[in-house]
Structures are given as structure tokens and as C-alpha cells.
Amino acid sequence: MLNSYFGGKSIFLSGATGLVGKVLLEKLLRCFPEIQCVYILIRKKKGMDAYQRLDKEIFSSPCFEYLRKHNNNFQKKVIPIEGDLHQERLGISKENYEILTKNVNLWISNAASTSWTDPLDAALLVNTRGPLELFRMAQQSKLTDHFIHISTFNIQYGMSHT
């Protein structure tokens, strides 16, 4: 049943550079090879653009080892979209915004600020505006089947937060 749903679908995933996002992306690509493509939102960081971060932080991750060995073409299905959750419309260019709203069927909101040291206003902006902006994009797409929001809770065992 899931295989038939995912066949030919385009997916948008935010938060793909985080642990949950990497595992989810790998699982989608490995278990549903008939997926059309997965667009992933990646921001510029530490002098690296979206394509560089995709290679260095995602595709080189140990969780992609199986795909690297058994499906060399998996990387062609992943399309990085440069953006930033801190910005309106997620900082996505007008051209990419139109591409996404014309092609995406399944929207997965997975990005968040999980740092205990971020200022509250910055974390609140990312953790509320990001999903809201993504939901607005999904509403504009005539192809939207589903919108999924994943919320993770960061536990730092043994640390004092006083």
C-alpha cells in the first residue's frame, strides 16, 4: 500500500541535516525507490552552500552506507533547496518556491532549533514560523496530499539548566 502511494510522488523535507531528517530521508529512498524526488531545505552554513552541505553532512553520513553500496543513483533523487527557517517564505527563491508549489505531493516539516543555548525569541521564530511558512506553501500546491509535522524533544542527560 505504501509503495503504491510513494510511486511517482515528490516530497519536501525540512530538517534533513539533523539526525531524524537523515534517517527519514534514507528510509524513504531505500524503502520507496519509485519516489520521483525529495526536495530538502538546507541553509548556507559555515561557508558551505546547500549542495556542499548535502554532500558533506548528509550523503557522507553512515546511515547512507547501504544506499551507497546498493543504489548509486539515490543521490539523483535528492534536490537541495537553499533556504532558511528564520526568513519569510523560508528564504526560498521565487523560482524554487514556484517549483515546489507545482510539484510537491507530501510535505514533511522536521526542522527545528534544538539548542538549549539559542535565545528564546530565535528558537521560537524557527520552531513556529518555519512550520507555518511550510504549511502555507503546502496550501498553495494543488498536488498536496499530506502535510506532516515532526516535533522532536531534545534531552541532554545529566546537564543542569539552571
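Cut-offs applied
- Residues numbered from 1 in each chain as written.
- Predicted model: local features only at pLDDT ≥ 70, side-chain atom pairs only at ≥ 80, totals over all residues.
- Heavy atoms only, no water.
- 1 Å grid on protein atoms, 1.4 Å probe; cavity = no way out; pocket = protein on both sides within 12 Å on 5 of 7 lines; lining within 4 Å.
- Points joined across faces, edges and corners; volume = space filled by probe spheres on them.
- Nonpolar A, V, L, I, M, F, W, Y, C, P; charged D, E, K, R; others polar.
- Phe/Tyr/Trp six-rings, centres within 6.5 Å; stacked < 30°, edge-to-face > 60°.
- Buried < 20%, exposed > 50% of the residue type's maximum accessible area, 1.4 Å probe, protein only.
- Helix = DSSP H or I, 4+ residues; strand = E, 2+ residues; numbered from the N terminus.
- Lys NZ or Arg CZ within 6 Å of the ring centre and 35° of its normal.
- Pairing = 2+ DSSP bridges.
- Axes fitted to C-alpha atoms, helices over the stretch in contact; angles between N-to-C directions.
- Right-handed = clockwise from strand over helix to strand, strands pointing away.
- Expected span 1.5 Å × (residues − 1).
- Arc of directions from axis to C-beta.

(A) Fine view of the layout of surface pockets. Taken as a whole, the largest pocket spans an internal volume of roughly 700 Å³. Lining the largest pocket are 30 residues, and of these G15, T17, A111, A112 and S113 lie nearest its centre. Partitioning the lining of the largest pocket into residue classes produces 11 nonpolar, 13 polar and six charged.

(B) Structural detail: the packing of aromatic side chains. Within this structure, the stated rule accounts for seven aromatic pairs. Between Y5 and F6, the aromatic rings sit 5.1 Å apart at their centres with planes inclined by 75 degrees, giving edge-to-face as the arrangement. By relative accessible area, which is 9% here, F6 ends up buried. Judged by centre distance (5.8 Å) and plane angle (15 degrees), the ring pair of F64 and F74 falls under stacked. With F64 in the loop between helix 3 (50-59) and helix 4 (65-70) and F74 in the loop between helix 4 and strand 3 (78-82), the pair connects residues that are 10 residues apart, well separated along the chain. Taken together, the ring pairs in this structure connect Y5, F6 and F32 into an aromatic cluster. Between R89 and the ring centre of Y97, over which it is positioned, the NZ or CZ distance is 4.3 Å.

(C) Local environment of the sheet that holds strand 5 (residues 146-149). With parallel pairing, five strands are arranged side by side in an open sheet as 3-2-1-4-5. Both outer strands of the open sheet, strand 3 and strand 5, are each paired with one neighbouring strand and no more. Strand-to-strand twist in this sheet, taken as the mean axis angle between neighbours without regard to direction, amounts to 20 degrees. As judged from the five bridges shared by strand 2 (residues 37-42) and strand 3, these two strands associate in the parallel manner. Residue L41 lies in a different strand from strand 3, and its bridge partner there is I81.

(D) Focus on the pairing of strand 5. Sheet topology places strand 4 (residues 106-109) next to strand 5; four bridges connect them, and they run parallel. Counterpart to W107 in the pairing with strand 5 is F147. Chirality of the crossover, the property in question, places the unit of strand 4, helix 6 (residues 120-140) and strand 5 among those that are right-handed.

(E) Main features of helix 2 (residues 19-31). Its 13 residues place the ends of helix 2 18 Å apart at the C-alpha level, agreeing with the 18 Å of an ideal helix rising 1.5 Å per residue. Taken together, the buried positions of helix 2 are occupied by G21, K22, L25, E26, L28 and L29. All buried residues of helix 2 lie within an arc of 160 degrees about the axis, which places them on one face of the element.

(F) Focus on the environment of V78. On the secondary structure map, V78 appears in strand 3. Accessibility expressed as a relative area gives 6% for V78, which makes it buried. For the pair V78 and I40, spaced 38 residues apart in sequence, the C-alpha separation works out to 7.1 Å.

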